[in-house]
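A structural walkthrough
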Amino acid sequence: MRKRACDACHKRKIQCDGAVPQCNWCRHHAMTCTFNRVSARSRGDNDSSKSALRRAAAAGNGERIDLAHRLGRVEQLLAQRHINASPNRSPALADDLDSEDSENPSLYSASPRDPATPSTICQIPAAAVAPETPAAELLSDDKTGLRICFVKFHFAGYHLGDISAYSGIPLFSPEGLNWLRCRTGQDPALLSVEDRLPSSYLRLPIYGIAQQPGSVSLSLPERTVIDEGLRFFHNSPLKLEFPMIDSVLFQQTINTAYDSSQGPVSLSAACIFSFLAVLSLFSGHGCSAAHRADGHEYSRRAQAVLTLLPQEFNITSLQTIMMLSMYQLFSGQIASATMFHSLACRIMFMLGGHTLPDPWSEHTGHSMDYTVRARRQLRKLFWLCYIFDKEISIRTGQPPSIDDAHCDLTLPNGYLDIQYIDYSDVTLLDDAAVPVLPGDLRLSIIKSKACKLLYSVEALRKSDTELLRDIRELDDELERWRLSVPPKHRPTLSIAWDASIDHYANAPDRIRTIVINFEYHYLVATIHRATGRCRAWANAEGGSGGGGGEMEGVSSSLMLSVEASRSTLLFLRTTVRSLLGEAFWMIVFYPMSAVITVFCGILLNPLDPRTDEDLKLLAAAPELMKTIRTRALTLDEMVHLRMVEDFLMELTRLGNCAVLKARQEQVGRVLAYM
């Protein structure tokens with residue numbers, strides 16, 4: 001007779017020796033050896049159960065299954081590739097599909113989660129079949145069918161789709177669209193939203209591409225232009241927040257570029273073009289009219305120069321590539337920013353910036369030579385690479401370029417002492433001083449841990465217990481960081497409707513507080529949103545147990561994600577007038593992520609007392625995002641923002657429909673019992 005494996009060995013799919021009272025595995029791991037799971041049914045029973053389910057679905061609507069197949073074929077045609085025959089299966093459940101599929105044939109169906117109608121199978125309306133979508137052609141390779149990978153978005157046990165890092169808009173999966181239909185009673189107008197995405201947002205331009213010789217002017221601007229730009233940088237908070245250059249070292253770069261013996265094409269010239277491209281983003285903040293020129297043109301010049309030069313790996317080339325990455329990132333071109341960033345990280349590795357001992361711990365006396373400045377600048381560039389690396393990784397869902405295990409993450413000596421100081425006269429601080437840097441380095445380190453522990457391939461294989469443990473530990477670490485922040489800047493999980501930070505008179509202090517709050521709320525939402533893929537949701541729906549306490553913990557954690565997202569929108573409403581327009585494409589990511597989570601929270605709990613407030617936040621989001629902008633937008637950016645506005649308006653409409661549907665069903669249940 002075949003021995004039956006214990007619960008622990010069965011879950012891990014390892015051989016169990018069946019010893020009593022404990023098998024070998026459980027004895028070595030100090031675990032209780034149990035045999036509580038329900039035995040799988042026979043194949044015949046499974047087939048009969050699945051046939052019964054299909055008959056029940058067809059009884060509700062004879063054309064329903066045909067429509068589902070037709071929708072699947074249309075989606076295959078749009079994407080120009082073959083997709084998996086079971087697209088509704090969540091990756092988080094992949095390791096248990098073989099056993100649980102047979103036990104719960106409806107586990108992965110798109111049935112609504114309304115307790116009043118637990119057995120209803122969602123109808124797929126014919127209107128869901130959308131026309132051709134050019135975006136599908138742009139996202140896939142015509143020959144291989146390979147597609148650009150986006151961030152996977154799970155909520156309440158469903159894989160709702162992938163969030164585009166280029167537009168911030170989800171590409172809803174069939175499972176996600178079915179869930180929206182079930183909760184709202186409407187056919188979402190979301191399949192065609194991505195159609196209007198400009199092709200430039202989906203291409204990955206590498207420098208020099210599509211540029212003909214002589215098509216780009218390589219002449220340097222007048223010397224006075226770059227000299228004024230350097231003075232502006234030295235006298236502004238930029239040198240502390242974004243130390244992309246050292247003023248003393250960069251002066252030598254300028255001298256080299258304008259040396260007639262060097263010729264018009266040099267690495268120093270490329271560095272100057274990159275610097276002017278970044279400065280063009282800060283027009284209207286003390287930057288002279290000469291620096292408000294077309295940043296895109298300066299960026300093209302820098303790229304063109306780089307294509308004509310032999311490979312050089314030094315601090316000048318690192319600064320050039322880093323500034324090109326910054327310009328693309330701040331311009332909303334995250335695809336090309338990612339390419340430049342990866343190259344910057346590799347140059348930084350070659351120069352040893354990731355293992356360089358803290359140069360601010362060295363005693364330099366009263367003088368500072370070129371070598372010390374260079375070492376400090378290299379270390380500052382490492383931290384900039386690290387910050388942007390974690391930001392890009394968590395936004396795109398792609399692996400980071402920098403592995404923490406290979407880096408010395410010791411904070412600069414004195415960093416915590418100056419992180420939240422009030423600095424009204426930045427000219428008193430030398431460029432080589434300990435950098436303030438954007439945000440807080442400790443938050444970037446927590447962000448890196450969250451990516452690895454919650455969203456890596458290894459994390460997707462974790463059990464609910466392991467996942468919840470990591471979420472709790474990350475949440476505890478984030479709370480310790482929050483309590484270490486001075487009360488003046490300290491964020492809170494919940495934001496009141498009348499919250500204000502107008503009492504911060506110093507602009508750098510105000511901006512720092514805004515950024516810290518956005519990052520904190522986003523991290524809370526990101527950490528706790530990981531519970532959306534827990535198996536407890538499927539177990540609760542399928543009636544296979546799971547324990548009320550576990551489900552209560554999972555649900556509470558997900559609601560923390562919704563609360564943090566709600567606070568992001570409330571904080572944006574309060575501080576929108578204080579935001580810098582040049583940071584629009586960095587800031588807009590936070591409310592876009594928050595809107596999607598708040599919207600899903602409305603669909604999950606449409607009768608929640610705060611639903612009306614949440615709907616007001618959704619309705620106000622488009623106007624809030626418009627208020628951030630201060631500079632002229634390109635045609636692509638205007639089309640992109642119109643697409644975002646349409647998407648947010650559709651979410652608001654669907655949210656109102658979900659609330660109306662839930663209230664009508666509630667009234668119907670009351671009348672039925674009368």
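Look up: the structure comes first, before these words.
So, a few notes on the structure that sits alongside this text. None of these values were measured; they are calculated from a predicted model.

Notes on the nonpolar core
Among the nonpolar cores identified, the biggest contains 79 residues, and Phe 155, Leu 478, Trp 481 and Phe 647 are the most heavily contacted of them. The greatest single-element share of this core, amounting to 12 residues, is contributed by helix H24 (residues 589-604). Beyond its immediate stretch of four places on either side in the chain, Trp 481 contacts Tyr 420, Asp 440, Arg 442, Leu 443, Ile 446, Pro 491, Ile 516 and Tyr 520. Counting 68 residues, the second-largest nonpolar core is a separate cluster that includes Leu 238, Ile 245, Tyr 327 and Leu 384.

A look at the packing of H24 against helix H25 (residues 611-628)
The angle between the axes and the distance between the axes are what describe a pair of packed helices. Their axes nearest at 10 Å, the elements H24 and H25 cross at an angle of 155°. Of the possible angle classes, the one that applies to H24 and H25 is roughly antiparallel. The way H24 lies across H25 gives a crossing that is left-handed. In this structure, H24 uses Pro 591, Met 592, Val 595, Val 598, Phe 599 and Ile 602 to contact H25, whose residues at the interface are Thr 611, Asp 614, Leu 615, Leu 618, Ala 621 and Met 625. A class-by-class count of the residues in the contact of H24 with H25 yields 10 nonpolar, 1 polar and 1 charged.

With respect to the pattern of salt bridges
If you walk through the whole model with that rule in mind, you get 23 salt bridges. Among the ionic pairs, Lys 390 bridges to Asp 389, the shortest N-O distance being 3.4 Å. Of the two residues, Lys 390 and Asp 389, both sit in the buried class. Where Arg 610 meets Glu 563, a salt bridge forms, and the shortest distance between an N and an O atom there is 3.0 Å. On the criterion of sequence distance, the pair formed by Arg 610 in the loop between H24 and H25 and Glu 563 in helix H22 (residues 548-575) is long-range, its members being 47 residues apart. Under the relative-accessibility criterion, Arg 610 is labelled partly exposed at 27%. Using a relative accessible area of 12% as the deciding quantity, one classes Glu 563 as buried. The network of salt bridges with common partners includes Glu 563, Arg 566, Arg 610, Glu 613 and Asp 614.

Structural notes on the packing of aromatic side chains
Here the structure, examined in full by the defined rule, presents 15 aromatic pairs. Seen in terms of ring centroids, Phe 233 and Phe 275 are 5.8 Å apart; in terms of plane orientation they differ by 75°. Their pairing is edge-to-face. In this pair, Phe 233 sits in helix H8 (residues 223-234) while Phe 275 sits in helix H11 (residues 267-279), placing the two residues 42 residues apart along the sequence. Exposure remark for Phe 233: the relative accessible area of 0% places this residue in the buried category. Between the aromatic rings of Phe 518 and Tyr 590, the centroid separation amounts to 5.5 Å while the plane-to-plane angle is 10°, which identifies the pairing as stacked. In this pair, Phe 518 sits in helix H20 (residues 507-529) while Tyr 590 sits in helix H24, placing the two residues 72 residues apart along the sequence. Of the two residues examined, Phe 518 and Tyr 590, each falls in the buried class. An aromatic cluster is present here, built from Phe 518, Tyr 522, Phe 571, Phe 589 and Tyr 590 joined pairwise through their rings.

A closer look at unusual backbone geometry
Its identity as a non-glycine residue notwithstanding, Ala 156 has a phi of 55°, on the positive side. Topologically, Ala 156 is positioned in the loop between strand S1 (151-155) and strand S2 (158-163). On the basis of relative accessible area, Ala 156 is assigned to the buried category, the value being 0%.

A word on the sheet that holds S1
Judged by pairing direction, the sheet is antiparallel, and its 3 strands sit side by side in the order S1-S2-S3 without closing on themselves. Two strands lie at the open edges of the sheet, namely S1 and strand S3 (170-172), each paired on one side alone. Ignoring strand direction, the axes of neighbouring strands in this sheet form an average angle of 40°. Both S2 and S3 contribute to a ladder of 3 bridges, which runs antiparallel. Residue Asp 162 lies in a different strand from S3, and its bridge partner there is Leu 171. Sitting on the sheet, H24 is in contact with S1, S2 and S3, with an inclination near 25° to S1.

What to know about the side chain of Ser 561
Topologically, Ser 561 is positioned in helix H22. Classification of Ser 561 by relative accessible area gives buried; the value is 0%. Polar contacts involving the side chain of Ser 561 include one to the main-chain carbonyl oxygen of Ala 525, which spans 3.0 Å.

So, the environment of Tyr 327
Following the sequence through the fold, Tyr 327 ends up in helix H13 (residues 315-330). Assessed through its relative accessible area of 8%, Tyr 327 is described here as buried. For Tyr 327 and Leu 276, which are 51 residues apart along the polypeptide, the C-alpha to C-alpha distance reads 9.8 Å. Setting aside its immediate chain neighbours within four residues, Tyr 327 contacts Ala 277, Val 278, Ser 280, Leu 281, Gly 295, His 296 and Ser 299.

Parameters at a glance
- Residues numbered from 1 in each chain as written.
- Predicted model: local features only at pLDDT ≥ 70, side-chain atom pairs only at ≥ 80, totals over all residues.
- Heavy atoms only, no water.
- Core = buried A, V, L, I, M, F, W, Y, C linked by side-chain atoms within 4.5 Å.
- Buried < 20%, exposed > 50% of the residue type's maximum accessible area, 1.4 Å probe, protein only.
- Helix = DSSP H or I, 4+ residues; strand = E, 2+ residues; numbered from the N terminus.
- Contact = heavy atoms within 4.5 Å.
- Axes fitted to C-alpha atoms, helices over the stretch in contact; angles between N-to-C directions.
- Parallel < 35°, antiparallel > 145°, perpendicular 65-115°, else oblique.
- Left-handed = near helix turned anticlockwise from the far one by under 90°.
- Nonpolar A, V, L, I, M, F, W, Y, C, P; charged D, E, K, R; others polar.
- Salt bridge = Lys/Arg side-chain N within 4 Å of Asp/Glu carboxyl O.
- Phe/Tyr/Trp six-rings, centres within 6.5 Å; stacked < 30°, edge-to-face > 60°.
- Pairing = 2+ DSSP bridges.
- Polar contact = N/O pair within 3.5 Å; in protein donor to acceptor, adjacent residues only side chain to side chain.

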